[in-house]
Every structure is written in C-alpha cells, then in structure tokens.
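# Notes for the structure review
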Amino acid sequence: MGRGIVLIGYRGTGKSTVGRILAERLGRAFVDSDREIEARSGRSIRALFAESGEPSFRDREEQTLAELTDGFPGAVLATGGGAILRESNRRRLRDFGFVAWLTADPVELSRRLEADPTSLAGRPALTSAGTLAEIEQVLASRSPLYAEAADVVIPTGGQTPEQAALAVIAALGPMFDEGGA
Ligand code: S3P
C-alpha cells in the first residue's frame, strides 16, 4: 500500500463525505479523526469542548492523529478543521501522505453548516462571533496553516462531493492508481 491521503479544511468543506467516497473508489480504508475521538471518549466533540475545554480536546486530537497515522498506513484520513493548528500535526499529516485542502468561501460554508441539522448541536462555537463572522475570522487566521500543510487545494464551491473526490484523485498522480497503489 502506498502513501496515505489526508483531507484538511474548514468545517463544512466536506472532508468526511469526500473522504468516504475517495476511500471507496481507491479501495482504501477510511478513518475520521473526529469520529474516532467521539468513539473513544463516548462523548460528542461539543461535550468534550464544554467539559474539558479546547486545549484538552487538542491533546486528544493530537494523540488520535498519531495513532491513526501509525495504525492505518495508506488510508484516507479525514481530519477535524483545527487539526492543522499544531505544528506537530502538520508535520505528521505531511509525513503520512498526500494532503488535500478542501476549500469553499465563507458564505457557502455558513450556508452548508446551517443546513446541517447535526452541525449546530454537535459542533462547538470556536469564537463568540456568530457563524459567518466566525468563519471569516477563523479561516483568515488558519489559511496560512492549511496552505503550509497542503500538497493541493481543491475548491468545493458548486461541486458535488463526488466531483470533489474526482478532483482529489486527478491531483494524486499516477502513483495512486484506483484499486490500490
Ligand atoms: C474544529 C472542527 C471540528 C472539530 C472541532 C473543532 C475546528 O471538525 O474537530 O469541533 O477547530 O475547526 P470538523 O471540521 O469535522 O467539523
């Protein structure tokens, strides 16, 4: 099995949905760090933020990314939107494989998040600014970190998850043939 494939990007860019499609098309395992954190702790991400705070969540996230990248070489890995905040995670994700940054503009992201019924219940607010302002603010501060970690940028605006997955596959190059590398 060749190198892994990592999806990074802000909330609502479709990392989990696109990741599942990619894994199926490429015949690879799919792992999702947020779902893994929830399964291990028996709590929603929102509850973890509320009960223990963001720094404790970031420690769990770092630990989970380390275990998933060690345990599932060659997998498709969907990350949480803040996984790129720690330098150690950015390095680890790059070492794991090809990193695709899924993007969309803030207005589209806020529309997607508001249309997703699990979003408001399951996702903690990251600032007190409210959805669109929060997205603009957090995205502006994180964009250099996403850019630093990414091998390719995949715009998802106006694309179906299927189309975004095909764009990732097109960017992978010949060493990632469908059916396993
Ligand atoms: C976060 C994004 C979330 C989750 C947590 C923090 C962030 O992941 O990890 O709520 O800091 O952007 P998704 O991008 O899957 O929503």
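Residues numbered from 1 in each chain as written. Predicted model: local features only at pLDDT ≥ 70, side-chain atom pairs only at ≥ 80, totals over all residues. Heavy atoms only, no water.

## Quick word on the overall build of the protein
- Scanning the protein for helices and strands turns up 9 helices and 5 strands.
- Seen in sequence order, the protein has helices and strands lined up from the N terminus as β-α-β-α-α-α-β-α-β-α-α-α-β-α.
- Computed over C-alpha atoms, the radius of gyration of the protein comes to 15 Å, within 12% of the 16 Å expected from 2.2 N^0.38 for 181 residues, which places it in the range of a compact globule.
- In terms of principal-axis extent, the alpha carbons of the protein reach across some 45 × 35 × 30 Å.
- Every one of the 181 residues in the protein was classed for burial, and the buried ones make up 45%.
- Considering only contacts in the protein between residues 6 or more positions apart, those separated by 24 or more positions represent 75%. (Helix = DSSP H or I, 4+ residues; strand = E, 2+ residues; numbered from the N terminus. Rg over C-alpha atoms; globule rule 2.2 N^0.38 Å. Buried < 20%, exposed > 50% of the residue type's maximum accessible area, 1.4 Å probe, protein only. Contact = heavy atoms within 4.5 Å.)

## Things to note about the sheet that holds strand 1 (residues 4-9)
- Strand order across the open sheet formed by 5 strands is 2-3-1-4-5, with parallel pairing between neighbours. Sheet topology places strand 2 (30-32) and strand 5 (152-155) at the edges, where each strand pairs with a single neighbour. On average, adjacent strands in this sheet sit at an angle of 25° to one another, irrespective of strand direction.
- Where strand 1 meets strand 4 (residues 97-103), 6 bridges bridge the pair, whose relative direction is parallel. Each residue of the ladder has a partner; that of I8, found in strand 4, is W101.
- Running at roughly 145° to strand 4, helix 8 (residues 131-149) makes contact with strand 1 and strand 4 of the sheet.
- Its contacts with the sheet put helix 9 (residues 161-172) on strand 1, strand 4 and strand 5, and the angle it makes with strand 5 is roughly 160°. (Pairing = 2+ DSSP bridges. Axes fitted to C-alpha atoms, helices over the stretch in contact; angles between N-to-C directions.)

## What about the site of the ligand?
- Near the ligand you find 14 residues, and of these K15, D34, R58, G81 and R142 are the closest.
- Backbone polar atom of G82 to an oxygen atom of the ligand: 3.4 Å apart, as the coordinates give it.
- Within the side chain of R123, one N or O atom sits 2.9 Å away from an oxygen atom of the ligand.
- Secondary-structure elements contributing two or more residues to the shell around the ligand are helix 3 (45-52) and helix 4 (54-71). (Near = heavy atom within 4 Å. Polar contact = N/O pair within 3.5 Å; in protein donor to acceptor, adjacent residues only side chain to side chain.)

## Some thoughts on helix 5 (residues 87-96)
- Taken together, the buried positions of helix 5 are N89, R90, L93 and F96. For helix 5, the angular spread of buried residues about the axis comes to 130°, placing them on one side.
- Where helix 5 is buried, its residues touch strand 1, helix 4, strand 3 (76-78), strand 4 and helix 8. (Arc of directions from axis to C-beta.)

## Side note on the packing of helix 6 (residues 106-115) against helix 8
- Relative orientation of the contacting elements helix 6 and helix 8 amounts to 130°, with a least axis distance of 9 Å. Judged by the angle between their axes, helix 6 and helix 8 are oblique. With respect to the hand of their crossing, helix 6 and helix 8 are arranged in right-handed fashion. On helix 8, the residues that touch P106, V107, L109, S110, L113 and E114 of helix 6 are T131, L132, I135, E136 and L139. (Parallel < 35°, antiparallel > 145°, perpendicular 65-115°, else oblique. Left-handed = near helix turned anticlockwise from the far one by under 90°.)

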